[in-house]
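# Structural overview
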Amino acid sequence: MSETWDTSYDPGSQSEDSYHFERLYIEPIYDAFVCPLTKKVMRDPVSIENGQTFERGAIERWFKECRENGRKLVCPLTQKELKTADLNSSIALRNTIEEWTARNEAVQLDMARRSLNLTSPESDVLQSLNYVRYVCKKSRSNKHAVRNAELIPMIADVLKNSSRKVRCTALETLQTVVEGDDDNKAILAEGDTVRTIVKLLSHEKSKEREEAVSLLQELSKSEALCEKIGSINGAILILVGMTSSKSENPLTVEKADKTLENLEKCENNVRQMAVNGRLQPLLNHLLEGPPETKLAMASYLGELVLDSDVKVHVARTVGSSLISIMRSGNTQSREAALKALNQVSSCDASAKVLIEAGILPPLVEDLFKVNQLPMRLKEVSATILANVVNSDYELDTISVGPDHQTLVSEDIMHNLLRLISNTGPAIECKLLQVLVGLTSSPSSVLNVVAAIKSSGAITSLVQFIEAPQKDLRVASIKLLHNLSPHMGQELANALRGTVGQLGSLINVISENIVAITEEQATAIGLLAELPERDLGLTRQMLDEGALQVIFSRVVKIREIRGTRFVTPFLEGLARVLARVTFVLIEEPDAITFCRENNLAALFIELLQSNGLDNVQMVSAMALENLSQESKNLTKLPDVAAAPGFCASIFPCFSQQTVITGLCRLHRGTCSLKDTFCLLEGQAVGKLVALLDHTNEKVVEAALAAISTLLDDSVDIEQGVMVLLEEEGVRPIIDVLIEKRTDNLRRRAVWAVERLLRTDDIAYEVSGDPNISTALVDAFQHADYRTRQIAERALRHVDKIPNFSGIFPNMG
């Protein structure tokens, strides 16, 4: 009997006729080699009592069936009863079969070798691959034979075949060939075979992808190949992606995950996994590895770019370990830990975790102790401190010193301020950011203010405004902005006392860019918080052209595209520009500035900035100041004329001069531009519209500006008439009735009393119980001055007799 292939090998669905291998004559299969039961060549031949030979497994199954069916033990060939089921190994026959099989397989492997090339028919290639897989499954020694026959590189080349079926079969065959055999794995890994296998991973939702990941999992069991696999560009990224895929075959996901677990043996692979989102292996190595591994992992961690959620996880997992390394390691280890902590702390939530893990005391110690760390590492410590301080944590509860000082204790703050003045720009910037964080918190800002005042550091802090380094300048402006509500006068004095710093702020504000920056919004916000009645500062701003720059920026603000800083920038501009209206009486140049730039018209326009409450409020305040000055700027007519002869003798002949075109309110020549007259500027209606605003401060500012129409220095009757014409009387009364704040009530009572001096208005509202109730409430509960005014208003509506003398007449 002669066959091309081992008859015990089943090629699957392929028929024998489909194979086109060259027919080779090999040793025949003798009948004695074939088991009568299985009809296949025996591997473990045994003899029974009557001398017949069978495959051990086959005859054992036969005897088992006899027992289970209650039959007597009989020979399956002769059907004669047997006395015993003892089996005797046929060692000689087995050795003969093994020798025959080895010779036969050698020939058949050679046949397979001839078919494993890209020019062979697909059927021949598949037959060869299946046969190689079959013989390798039979015994470990056959894997050696396959290696010795140099079949492994040839099978690897088949992975480049154009047939997907062939590629899949080749992957299956290679997995069988290398399974449990490191030598075969090493041969397979030569050249670019691993790269080809990784490339096949990219074929999503395919059998090919599943076989490729199975082969990689087997290869990754060899520590020597882990680095090779990880070095293939994209290998770890693809595997990590497979483990997180929701559409992937669960078995494939499991194999990809196990492959990655095997690859963790190599530190470079761990780093790549972290870069591609699989961070846990790095964290595990950092927690459990030897010192050199911990150092490497901390260094890797410091180089990663992490999102906020991951930073929180890292802080919770290894934050304490990193802090421990930072406190007790050598310089190299501390540097790695500090850089990792710097990366992790740059998120508010993770910074809070690090604070609770105890990061503050060692940071403060690193910064303040002389020669404790190189300056470059002090800078990193300062950066971490700035990160954690800006996390909104209540830092006044954390002890950072040997005497239980907190970060905002006076001596700690003094040390911090001294350090700022004695280091380089980089660390100065970070320390200023620390102060920015501390002054951003309502619970700590006053402690910082007190320390700055007691140390006299405000002058040195202001000097940083002129720093050439943008980051340093921005940090200083932010700090001074945070301090300005609490140290406005000190800041104004410092800016007035030093040449150049005010100009530096204005230069920042006036930068010609297409979008407003945070630095610009902060700079104008700083100037806006300075005392508006500081005449010296306003005069300096006029002299240096600062207010002219501010005016230009307000005019051009419409050209700026919308960014998140446009609103605070415009609010700051309006506040700074309005300060010129607070010094009109003392500073003639202020009046000139307002006239030349028609400032009243600008503020009237800004009144209509809907949605910008602060701009509307500041504009109304500025208009109040300008309107108050109108009485001093109005040019009164010269009515004195030389009398005629008769008139000098007979006064009855004199005639009053009639002058037309005079302002109803101010009885002189008025204009919006020159005398800031609200009536001439048609601003009254716009101010009245703001009395219905939801923001009490806007209403108060608008009412204050309107009240200038009812002041003793103008014609009050005409002021009332103007309000009637603009339908402003009722809104003023409604402000009184609503009684939203004490300040609004005080202003409303004053204005209503002026309105009620007009009999028609008093008569009309006298029957309104709401008005009476509001006035009575003010009469009973308001401050002394308002109660007096409320009393007069109640007299106007006959709610208090005219002879009442409850309060002395204060005019």
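Up top is the structure these notes are about.
Attention in this report is confined to the structure presented alongside it. Being a predicted model, the structure only gives us computed values, none of them experimental.

### So, the nonpolar core
By size, the foremost hydrophobic cluster in this structure holds 197 residues, and its most contacted members are Leu-282, Leu-301, Leu-438 and Leu-723. Per element, the largest residue contribution to this core is 11 residues, and it comes from helix H25 (residues 470-497). If we ignore the near neighbours within four places in the chain, the residues touching Leu-438 are Val-389, Leu-395, Leu-407, Val-408, Met-413, Ser-444, Val-445 and Val-448. Judged by nonpolar contacts, the second largest core, of 51 residues, contains Val-125, Leu-129, Ile-155 and Ile-229.

### Regarding the side chain of Arg-745
As for its position among the elements, Arg-745 is in helix H40 (residues 742-756). According to the relative accessible area criterion, Arg-745 is buried, its value standing at 9%. If we ignore the near neighbours within four places in the chain, the residues touching Arg-745 are Lys-739, Asp-777, Ala-778, His-781 and Ala-782.

### Focus: the side chain of Thr-581
Along the chain, Thr-581 falls in the loop between helix H30 (566-578) and helix H31 (588-596). Ignoring any residue separated from it by four or fewer positions in sequence, one finds Thr-581 in contact with Phe-603, Ala-622, Asn-625 and Leu-626.

### Describing the sheet that holds strand S3 (residues 88-89)
Taken in spatial order, the three strands line up as S2-S1-S3 in an open sheet, and their pairing is antiparallel. Bordering the open sheet on either side are strand S2 (53-55) and S3, each of which pairs with just one other strand. Sheet analysis places strand S1 (residues 45-47) next to S2, joined by three bridges and oriented antiparallel. Paired with Pro-45 across the strands is Glu-55, a residue of S2. Running at roughly 95° to S2, helix H1 (residues 56-68) makes contact with S1, S2 and S3 of the sheet.

### A short note on the packing of aromatic side chains
One pair of aromatic rings is described through two measures. These are the centre distance and the angle between the planes. In total, this model carries three aromatic pairs according to the counting rule given. When the ring of Tyr-131 is compared with that of Tyr-134, the centres are 6.0 Å apart and the planes differ by 45°; the resulting orientation is tilted. Taken together, the residues span about one helical turn, with Tyr-131 and Tyr-134 both in helix H3 (residues 122-138) at a distance of three residues. A single burial state applies to Tyr-131 and to Tyr-134, both of which are buried. Taken together, the aromatic side chains of Tyr-30, Phe-33 and Trp-100 make up a single cluster linked through ring pairs. A cation sits over an aromatic face here: Arg-71 above Trp-62, 5.8 Å from the ring centre.

About the cut-offs
- Residues numbered from 1 in each chain as written.
- Predicted model: local features only at pLDDT ≥ 70, side-chain atom pairs only at ≥ 80, totals over all residues.
- Heavy atoms only, no water.
- Core = buried A, V, L, I, M, F, W, Y, C linked by side-chain atoms within 4.5 Å.
- Buried < 20%, exposed > 50% of the residue type's maximum accessible area, 1.4 Å probe, protein only.
- Helix = DSSP H or I, 4+ residues; strand = E, 2+ residues; numbered from the N terminus.
- Contact = heavy atoms within 4.5 Å.
- Pairing = 2+ DSSP bridges.
- Axes fitted to C-alpha atoms, helices over the stretch in contact; angles between N-to-C directions.
- Phe/Tyr/Trp six-rings, centres within 6.5 Å; stacked < 30°, edge-to-face > 60°.
- Lys NZ or Arg CZ within 6 Å of the ring centre and 35° of its normal.

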